[in-house]
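These are the residues of each chain, in order.
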Amino acid sequence: QLKLVESGGGSVESGRSLRLSCTASGTTLDNYVIGWFRQAPGPEREGLACIDERNGSTYITDPVKGRFTISRDNTKRTIYLEMNNLLPEDTGNYACAAKVETTVQAMCAMKWFGRRYGMESWGEGTRVTVSS
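Structural notes, computed from the coordinates. Numbers given for residues are sequential positions, taken from 1 along each chain in its written order. Predicted model: local features are reported for residues with pLDDT of at least 70 only, side-chain atom pairs are reported and counted for 80 or more only, and whole-chain, interface and lining totals are derived from all residues. Computation of side-chain values covers all heavy atoms of the structure but excludes hydrogens and water.

Helix and strand content of the protein chain: one helix and 11 strands. Order of helices (α) and strands (β) in the protein chain, N terminus to C terminus: β-β-β-β-β-β-β-β-β-α-β-β. Both definitions apply: the radius of gyration is a C-alpha atom measure, and the globule rule equals 2.2 Å times residues to the power 0.38. For 132 residues, the compact-globule estimate of 2.2 N^0.38 gives 14 Å, and the protein chain sits close to it at 14 Å. Once the C-alpha set of the protein chain is aligned to its principal axes, its extents read approximately 40 × 30 × 25 Å. Across the 132 residues that make up the protein chain, the buried fraction comes to 46%. When the accessible area of the protein chain is evaluated, it comes to approximately 6600 Å², of which 45% is carbon and sulfur surface. For the protein chain, the centre of its 16 positive side-chain charges and the centre of its 15 negative side-chain charges are spaced 2 Å apart. Secondary structure elements are taken from DSSP: a helix is a run of H or I of four residues or more, a strand is a run of E of two residues or more, and numbering for both begins at the N terminus. For the exposure calls, accessible area comes from a 1.4 Å probe over protein chains only, and a residue counts as buried if that area is under 20% of its type's maximum, exposed if over 50%, partly exposed in between. Shrake-Rupley sampling with a 1.4 Å probe provides the accessible areas, and residues are treated as covered by the protein chains on show and by no other component. Positive charges come from Lys and Arg alone, negative charges from Asp and Glu alone, with His and the N- and C-terminal ends not counted. Note that the charge is assigned to NZ on lysines, CZ on arginines, CG on aspartates and CD on glutamates.

Formally, a disulfide is one covalent bond, and it connects the sulfur atom of one cysteine to the sulfur atom of another. Criterion for a disulfide: a pair of cysteine sulfur atoms within 2.5 Å. Under the defined criterion, the tally for this structure stands at two disulfides. Between the sulfur atoms of Cys22 and its disulfide mate Cys96 the distance is 2.1 Å. Here Cys22 and Cys96 share a disulfide; its torsion about the S-S bond, 80°, makes the bridge right-handed. A residue pair is termed long-range when its members are at least 10 positions apart, and Cys22 in strand β3 (residues 18-25) and Cys96 in strand β9 (residues 92-100) qualify at 74 residues. The same class applies to Cys22 as to Cys96, namely buried.

A few words now on the pairing of strand β11 (residues 126-131). The side chains of a regular strand alternate, residue by residue, between the two faces of the sheet. Alternating residues of β11 divide into Thr126, Val128 and Val130, all buried, and Arg127, Thr129 and Ser131, none buried. For two strands to be treated as a pair, DSSP must find no fewer than two bridges joining them. Pairing between strand β2 (residues 10-13) and β11: four bridges, direction parallel. Bridging across to β11, Gly10 finds its partner in Val128. Of the strand pairs in this sheet, β9 and β11 are connected by three bridges, and their pairing is antiparallel.

The next thing to look at is the side chain of Glu6. In this fold, Glu6 is placed in strand β1 (residues 3-7). The salt bridge criterion pairs a side-chain nitrogen of Lys or Arg with a carboxyl oxygen of Asp or Glu, the two atoms within 4 Å. Salt bridges are absent for the buried Glu6, whose nearest opposite-charge side chain, Arg45, sits at 7.0 Å. What qualifies as a polar contact is a pair of N or O atoms within 3.5 Å, subject to a donor-acceptor requirement within protein and to the restriction that residues adjacent in sequence count only when both atoms come from side chains. A polar contact is formed between the side chain of Glu6 and the backbone nitrogen of Gly125, at a distance of 2.9 Å. Every residue in contact with Glu6, bar those within four places of it in the chain, is listed here: Ser21, Cys22, Trp36, Tyr94, Ala95, Cys96, Gly123, Glu124, Gly125 and Thr126. Should any heavy atoms of two residues lie within 4.5 Å, those residues are counted as being in contact.

Turning to the side chain of Thr61, a few remarks are in order. As for its placement among the helices and strands, Thr61 is situated in the loop between β6 (58-60) and β7 (68-73). Separated by 3.0 Å, the side chain of Thr61 and the backbone oxygen of Gly47 make a polar contact.

Next up on the list: the nonpolar core. Ranked by internal contacts, the top residues of the largest apolar core, which has 27 residues, are Ile34, Trp36, Phe68, Leu81, Met83 and Tyr94. At four residues, the largest contribution of residues to this core is made by β3. If we skip the residues at most four places from it in the chain, Met83 touches Arg16, Ser17, Leu18, Leu20, Arg67, Phe68, Tyr94 and Val128. The next biggest cluster of nonpolar side chains, apart from the first, holds 11 residues, and it includes Phe37, Cys50, Ala97 and Met110. We call a set of buried Ala, Val, Leu, Ile, Met, Phe, Trp, Tyr and Cys residues a nonpolar core when their side-chain atoms join them within 4.5 Å.

This is the structure:
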């Protein structure tokens, strides 16, 4: 069974950068679409960046386009979220999730985690705090 663990969060000043890691274990990532999501106070998730492990295609959502990028290191079974020029409104809990039989656009449009929404796996998240 696929397990995802996030790391790399922390507290930074506005304008700084952070790189988050989503490391997988249990099964291969070959058939999954992996997404990074942010959760500010409230139940809904905001999709940020998604990558299709089948072909490497990526999708960045408009709120973070130009500042965030997503990449992968297959040898380390890790998906990265590179975040530049961080703003106070980027503060939140950042989690990665995996789903099969979807597209990067559809994955990034999801707002809820859970098996009822077709998610195969998701992590607990890592906290990012950006101060002004």
